[in-house]
There are 2 protein chains.
Amino acid sequence: MPDRHGDDRDDEVLNDLLIQAGSRFDAAGVRELLPGVLAAPEGGDAEAWMALIAEAPSDALRGALRALRVEIAGGPAAEADHAARLAALRAELGRRGLGGFAVPHADEHQGEYLPLRAERLAWLTGFTGSAGIALVLADEAAVFADGRYTLQVQTQVDTALFAAQHLIEQPTAAWIAAHLPAGAKLGYDPWLHTEIQVAGLRTAAEKAGGELVACPDNPLDAVWSDQPPPPIAPIMAHPLDFAGRASAEKRGEVAEALRAAGAEAAVLTLPDSIAWLLNVRGGDVACTPLALSFAVLHGDATVEWFVDRRKLVPGLDAHLGNGVSLRAPDELGAALDILGQAGKRVLADPASAAAWVFERLRAAGASPVEGVEPCQLPKAKKNEVELAGTRRAHRRDGASLGRFLAWLAVEAPARAEGGDPAGGLGEIEAAERLLEFRRGNENFRDLSFDTISGAGPNGALPHYRVTPESERRLGLGELYLVDSGGQYLDGTTDVTRTVAIGAPSAEMRERFTRVLKGHIAIATARFPRGTTGSQLDTLARAALWQAGLDFDHGTGHGVGSYLGVHEGPQRISKVPNTVALEPGMIVSNEPGYYKEGAYGIRIENLVAVIEDEARPGDERPMLAFETLTLAPIDLSLVEPALLTSEEIAWLDAYHARVREALAPLVDEATAKWLEAATRPVAG
Amino acid sequence: MPDRHGDDRDDEVLNDLLIQAGSRFDAAGVRELLPGVLAAPEGGDAEAWMALIAEAPSDALRGALRALRVEIAGGPAAEADHAARLAALRAELGRRGLGGFAVPHADEHQGEYLPLRAERLAWLTGFTGSAGIALVLADEAAVFADGRYTLQVQTQVDTALFAAQHLIEQPTAAWIAAHLPAGAKLGYDPWLHTEIQVAGLRTAAEKAGGELVACPDNPLDAVWSDQPPPPIAPIMAHPLDFAGRASAEKRGEVAEALRAAGAEAAVLTLPDSIAWLLNVRGGDVACTPLALSFAVLHGDATVEWFVDRRKLVPGLDAHLGNGVSLRAPDELGAALDILGQAGKRVLADPASAAAWVFERLRAAGASPVEGVEPCQLPKAKKNEVELAGTRRAHRRDGASLGRFLAWLAVEAPARAEGGDPAGGLGEIEAAERLLEFRRGNENFRDLSFDTISGAGPNGALPHYRVTPESERRLGLGELYLVDSGGQYLDGTTDVTRTVAIGAPSAEMRERFTRVLKGHIAIATARFPRGTTGSQLDTLARAALWQAGLDFDHGTGHGVGSYLGVHEGPQRISKVPNTVALEPGMIVSNEPGYYKEGAYGIRIENLVAVIEDEARPGDERPMLAFETLTLAPIDLSLVEPALLTSEEIAWLDAYHARVREALAPLVDEATAKWLEAATRPVAG
């Protein structure tokens, strides 16, 4: 480790190493790059970023890069002073003649995971939930979050600075209408809201006698002095062995659909669409291999990709081919202007594209065509290579989960019975152990989301994230719910198992079995082409309804192929959705039941939509689900008397499949446990 | 019968009779009234119109009025010459500088049943289906209808004049875009389209380089020389014994909801809403007791009712009370102008109000508030008096249907076996017989829709209407499907039964039983508050899906209380619908199966949403359905081996209820048949 930082001699050594490695960067270039690297998550491989520097860095170069990274990262950040931050923002608003400003939890891509740079809501208020918005006026301010985060807001936010509001029960629009002074200008960043959201803010501001004003130059960014830069993580090719279809073929197909819809170009703002379309994967945000960027797809199937070139690993140009031209991110506006000047009909999706895109297109004279993002549907329909990949990934992932569950079956009761000075196995250790089992897997890259590891009452919070403060020990007679997934090059997994530590109560068994009946009803559903997930949702709930129970989340979400663990456009939900389930789509099947303050139950497998085998008498082509996830369902929680013989047959057949698939992949102790855990229920 | 018509002496006699009866009309007034009376359907009572003339007309007055009606009705209409009509319309379009005109199957209220005056599509093209549109250009014309009517269009329309188009597969917008000459003006009557429909026409016309032009003065009406006048049928009070809630109370509640929605008034264009709100019933269209009219509800709960005063039976003013002011129908525009000049926020429903309403409001300077029609939801939630009424009506209706089914069980096979020179019982006679059984019932007023009476392959047409040309005889080994309903003062019924004539095939039994499983799944559904009919629809289909079967219509529609047999806003359908089912709502439960060219199956009961009895362990308030319809389900079509024990228990309990309720109301022979027809399936 060097004893002096950043001096000339160090950079000289680094320069030599970089030249030896054939790098396109010199030391100064690497210094310039590193703040962006630090603004990206570490991901599964903390040194993956070095691929940006050289294809095969020597050990010496690795060491030097590691040191430089430590140097640039600097010490721990100072304690946040939210009062000072709020005051600075208000002063800036005052300088700009604004009476207020909206700070949503959002980035330019309306993504689920934000880069550090876009964590404006957390920076300003301290609130780190995955959804919310702050409204800052001259004399008051409020932070809005939904019911999941009521407690978290109280813990994280200084409510002397920000009134805590319930996003659904006290919506922002009503608050603006009631609090914005007449004549005041309410600012918003058009990059961070969709058109629909802007319309809501505008109506509210006008109701208050105020005005809504776009601020493309975000006033919060102006006062956030140490705001991280945009993240820089390597963008790699996603090879045909995993992607299954060439980018040129995909671009041709989507371009044809564009033309059929009467558009001449489409603005792509969703990084997962771009990743799919170009067969690339990045690392700019946590848990999802996205490269934050924009693209314009033209009717001739060419793409202009607005991306920081420094993120491309050496050789990626060749992978992209001639149909893709690279442009700097800040050239997007000029490109839209050109489309506008040519009077082109340009498609953008009002549900996901930033309002900025529409405003710019209109200002430039283009005719924006409002339409569904054109990559979403073809991306959702996985091809045979992707399906084969996800089946492989699910076998490996199931083996890891099996090893974890086998370990847990011994460890948790033993430690709960007094063998542990801490009072039992903790939720954090359990989650870490599960990650360890996954980490060794072929093609494993990262978790697909932060593991939900909840014991007892913590399991009753469907979106629980364990912290040292919230952590509980797994106690005897309690349920433990673990919802986790991995990002593998060949597929994305997402699985929930609920297990009893020691002996469960009769009520737990009864409710678990009702959840299982719902799970089986989805797993065995047979439905005609054209059926939507909204139509199937009730099958997952009917057994709970009979007992006066229900669960307050969707039954299933779409899942990507080494992409987002949540993707559209299909889903299984009581919320109306007009997208038909089509062969190749992957969705989760995850009914649950949550008893507040007591325990939570969820049984989640991923399933793929398949064409069902024809049966004699069939009049219509029928679809069905193939269950992809392979892991035992805790039989100590199953009450066979509540199951029909068909349901028992499904459970036994599933367990036989799990046993057969996983036994060859696990150690002997796990195999033995697996044998018992998957024993048949029927006679 | 007088030998001379319309002479002075006859009118003198009539005048005397009118004076004696205390009528508000003299003979000349009655002469003026009668064309409107003739433009209304006869309904269940061909002389109901006489209530307009006098409260208790003497026999002599009745005779004179009957004679005058015959005189004014004149002889049968001349054969329609559609070529001449089309030519006349084109000439009129030419005079107005129009290149085309849209002729939808619609009236000013977007109603299901049209008054004669609004049968423009039938007048022009000959097509009498319940949905469709004609587009007339200078050199070509087309008529558009959906798949139900493909055959009917071929039969009724001269395709040398009008190209027959499939409404869904060859939509009007695409046809306009392809056929309207550039620069041409396409006219539409803003009274006959909603705003959404107008927007579609406009986009299409502009795509063709043409222009869409509103024609408030309908050019077809200008050339339809003997177009009937608006119908004049008596508007009667719907007494509190049936309505359950006073109009003033309803108006107060809806006005409060209006104010809460930020509106100061609402334009009501749906006659069933007005009937409900004012507790009145009319007779302007077939099968539904509607008074065609408009209303404006003000925020202070007063109503301006735009209605032809001549339709009000004597004494109705007192029933209406002070909160309702009567205005002539043609004063609606001026009233909207006044609202506009006062800058009022006026609610209208873009899904049901004529585009004319929005155009007029905007022209007058009002701020139209687009919102859901404010009476629809409160009207749908029947009160206890309405529910008690419908239970009574269903008992009477069930007794009639029971008598019909008992008669059919003997008559149909006997006549099919050769006892009938015509080769068996015909569909028309069967429907007439069923009407006869209903006609004698207390409070019976009319059918609630034209009876669907389909034997064999005719039953496979879900919307079949028998004609002398299409009629079939009920044959042995065939299924007979009869879907019918009555309008009773205390409730509206709608019921379908499918019965086997002779011995059914194993396939018929299997499919009938699958339909029955779906029916039972809806009948026994238990669901939390907030659940929509869209969420329940799949329960009706799952058993069919397992066998690769389905049906192509909704599972259930809302039903009014002595009002429309189809009403919103709730329904049970795979089409997304966000309206939650609420206690008091009535919907049909009518899964089916149709084998083209062979047979049709449908089992339909009406059900009311109720609060379900709490069960131990319930965590949420649960809703369920109470089945209202009482009629045996043909056990010869039930295959018990396909039913679960719970399903058999439902069927037996339902049949026990049917037997108990109907036996006291029917003759001995029917009671005996009923005993057998409702025998338990279990053990």
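This write-up is about the structure you can find in this document. Small disclaimer: the values here were computed from a predicted structure and weren't measured.

Another point: the overall build of chain A. Assigned secondary structure in chain A consists of 23 helices and 28 strands. For 683 residues, the compact-globule estimate of 2.2 N^0.38 gives 26 Å, and chain A sits close to it at 26 Å. Relative to its full complement of 683 residues, chain A shows a buried share of 57%. Residue pairs in contact within chain A that sit at least 24 positions apart in sequence constitute 70% of those at least 6 positions apart. Here chain A displays about 26,600 Å² of accessible surface, and carbon together with sulfur accounts for 53% of that area.

Here we come to the environment of Leu116(A). All names here are of chain A. With respect to the element layout, Leu116 can be found in the loop between strand E1 (100-104) and helix H5 (120-125). Classification of Leu116 as partly exposed rests on a relative accessible area of 44%. Residues Leu116 and Pro57, spaced 59 residues apart in sequence, show a C-alpha to C-alpha distance of 27 Å.

So, about the interface of chain A and chain B. In this complex, chain A contributes 30 residues to the contact, which on the side of chain B involves 30 residues. Both faces considered, chain A and chain B share a buried interface measuring about 2,500 Å² in area, 47% of it formed by carbon and sulfur atoms. Contact with chain B buries area across many residues of chain A, yet Gln535(A), Trp545(A) and Arg620(A) alone supply 26% of it, more than any other trio. At the surface where chain A touches chain B, the tally comes to 22 residue pairs in polar contact (both at pLDDT 80 or more). Those elements that place two or more of their residues in the side of chain A that touches chain B are strand E21 (526-528), helix H20 (533-536) and helix H21 (542-546) of chain A. The greatest single-element share of the side of chain A that touches chain B, amounting to three residues, is contributed by E21(A).

Opposite charge on two side chains permits pairing when their charged atoms draw close. By the definition in use, this model includes 96 salt bridges over all chains. Of the charged contacts in the structure, one is a salt bridge between Arg120(A) and Asp221(A), with a shortest N-O distance of 2.7 Å. Of the two residues, Arg120(A) sits in helix H5 while Asp221(A) sits in helix H9 (residues 219-223), which places them 101 residues apart along the sequence. The exposure class assigned to Arg120(A) is buried, which follows from its relative accessible area of 3%. A salt bridge links Arg472(B) to Glu478(B), with the nearest nitrogen and oxygen atoms 2.9 Å apart. Within this structure, Glu507(A), Glu510(A), Arg511(A), Arg514(A), Lys595(A) and Glu619(B) form a network of salt bridges that share partners.

Another aspect to go through is the sheet that holds strand E20 (residues 495-501) of chain A. Residue and element names in this part refer to chain A. Taking strand neighbours across the sheet as the criterion, the three strands line up as E16-E17-E20 in an open arrangement whose pairing is antiparallel. What marks the edges here is a single partner per strand, and that holds for strand E16 (452-455) and E20. Direction aside, neighbouring strands of the sheet carry axes that sit 10° apart on average. The sheet contact formed by E16 and strand E17 (residues 478-484) spans four bridges and is antiparallel. From the neighbouring strand, Ser453 faces E17, where its bridge partner is Val482.

On to the packing of helix H2 (residues 27-38) of chain B against helix H3 (residues 59-73) of chain B. Residues and elements named next belong to chain B. Put simply, H2 and H3 touch, their axes get as near as 10 Å, and they point 70° apart. Classified by the interaxial angle, the pair formed by H2 and H3 is roughly perpendicular. In the packing of H2 onto H3, the handedness of the crossing is right-handed. Listed contacts from H3 to Val30, Arg31, Leu34, Pro35, Val37 and Leu38 of H2 are Leu65, Leu68, Arg69, Glu71, Ile72 and Ala73.

Residues and elements named next belong to chain A. The alternating pattern of strand E11 (residues 303-306) places Val303 and Trp305 and Glu304 and Phe306 on opposite faces, both of which are buried. Relative to E11, strand E10 (residues 294-298) runs antiparallel, the two being bridged by four bridges. Note that in E11 the partner of Leu297 across the bridge is Val303. Pairing between E11 and strand E12 (residues 324-327): four bridges, direction parallel. Residue pairing for E12: Glu304 is matched across the bridge by Ser325.

In this section: the packing of helix H11 (residues 247-260) of chain B against helix H12 (residues 271-278) of chain B. All names here are of chain B. Axis separation between H11 and H12 bottoms out at 7 Å; the angle between their running directions is 120°. It follows from the interaxial angle that H11 and H12 lie oblique. Along its contact with H11, which presents Ser247, Lys250, Arg251 and Val254, the element H12 presents Trp276, Leu277 and Leu278. Considered class by class, the residues forming the contact of H11 with H12 number four nonpolar, one polar and two charged.

Superposition of the two copies of the chain requires a rotation about an axis and a shift along the axis. Each copy superposes on the other: chain A lies on chain B with an RMSD of 0.1 Å after a rotation of 180° and an axial shift of 0.1 Å. Between the two chains, the operation in question is that of a two-fold axis. If distances are taken from each C-alpha of chain A to the rotation axis, the shortest is found for Pro576(A), at 2.6 Å. Most of the interface of chain A is mirrored in chain B, where 100% of its interface residues are also at the interface.

Another point: unusual backbone geometry. Each neighbour pair has its own omega, and for Gly568(A) with Pro569(A) the value is 0°, a cis peptide bond. In this structure, Pro569(A) sits in strand E23 (residues 567-572). Located in the positive-phi region is Ala301(B), a residue other than glycine, with phi close to 75°. Tracing the backbone shows Ala301(B) in the loop between strand E10 (294-298) and strand E11 (303-306). Residue classification places Ala301(B) among the buried positions, given a relative accessible area of 15%. The phi torsion at Asn443(B) lies on the positive side, around 70°, for a residue other than glycine. Among the residues examined, Asn443(B) registers a relative accessible area of 16% and is labelled buried.

All names here are of chain A. All told, the structure shown has 20 aromatic pairs over all chains when counted by the stated rule. Judged by centre distance (5.4 Å) and plane angle (75°), the rings of Phe127 and Tyr149 are edge-to-face. Here the residue Phe127 occupies a position in the loop between H5 and strand E2 (133-137), and Tyr149 occupies one in the loop between strand E3 (141-145) and helix H6 (150-156), the gap between them amounting to 22 residues. Of the residues examined, Tyr149 reaches a relative accessible area of 10% and is grouped as buried. Summarising the aromatic geometry, the rings of Tyr593 and Tyr599 are spaced 6.1 Å apart at their centres and angled 55° between planes, so their arrangement reads as tilted.

Scoring rules and cut-offs
Residue positions within a chain follow its written sequence, with the count starting from 1. Both sets of labels track the order of writing: A upward for chains, 1 upward for ligands. pLDDT decides what is reported in this predicted model: residues at 70 or higher carry local features, side-chain atom pairs at 80 or more are listed and counted, and totals for whole chains, interfaces and linings draw on all residues regardless. Based on all heavy atoms of the structure, the side-chain values leave hydrogens and waters out of the count. Secondary structure follows DSSP: runs of H or I at least 4 residues long count as helices, runs of E at least 2 residues long count as strands, and numbering of each begins at the N terminus. As defined in this context, the radius of gyration uses C-alpha atoms, and a globule is described by 2.2 Å times the residue total to the power 0.38. Categorising residues by exposure relies on relative accessible area from a 1.4 Å probe, with only protein chains included: less than 20% of the type maximum marks a residue as buried, more than 50% marks it as exposed, and the intermediate range marks it as partly exposed. Whether two residues are in contact is decided by their heavy atoms, any of which lying within 4.5 Å being enough. All accessibility values rest on the Shrake-Rupley procedure with a 1.4 Å probe; residue burial counts only the protein chains present in the view. As a working definition, buried area equals the accessible area (1.4 Å probe) given up by two parts on being put together, with both sides summed. Think of a polar contact as two N or O atoms within 3.5 Å of one another; within protein, one of them needs to be a possible hydrogen donor and the other a possible acceptor, and neighboring residues in sequence only count if both atoms come from side chains. Salt bridge, as used here, is a side-chain nitrogen of Lys or Arg placed within 4 Å of a carboxyl oxygen of Asp or Glu. A pair of strands is treated as paired once DSSP finds two or more bridges between them. Helix axes use the C-alpha atoms of the stretch in contact, all axes being lines fitted to C-alpha atoms, and the angles between their N-to-C directions lie in the range 0 to 180 degrees. Just so you know how the angles are binned, under 35 degrees is roughly parallel, over 145 roughly antiparallel, 65 to 115 roughly perpendicular, and the rest oblique. If you view the pair so one helix is near and one far, a crossing is left-handed when the near helix is turned anticlockwise from the far one by less than a right angle, and right-handed when it is turned clockwise. Each residue gets one of three labels, nonpolar for Ala, Val, Leu, Ile, Met, Phe, Trp, Tyr, Cys and Pro, charged for Asp, Glu, Lys and Arg, and polar for the others, Gly among them. The copies were overlaid by least squares, fitting only the C-alpha atoms of residues that reach a pLDDT of 70 or more in each copy. We call Phe, Tyr and Trp rings a pair once their centres come within 6.5 Å, taking the six-membered ring for Trp, and we label the pair stacked below 30 degrees between planes, edge-to-face above 60, and tilted otherwise.

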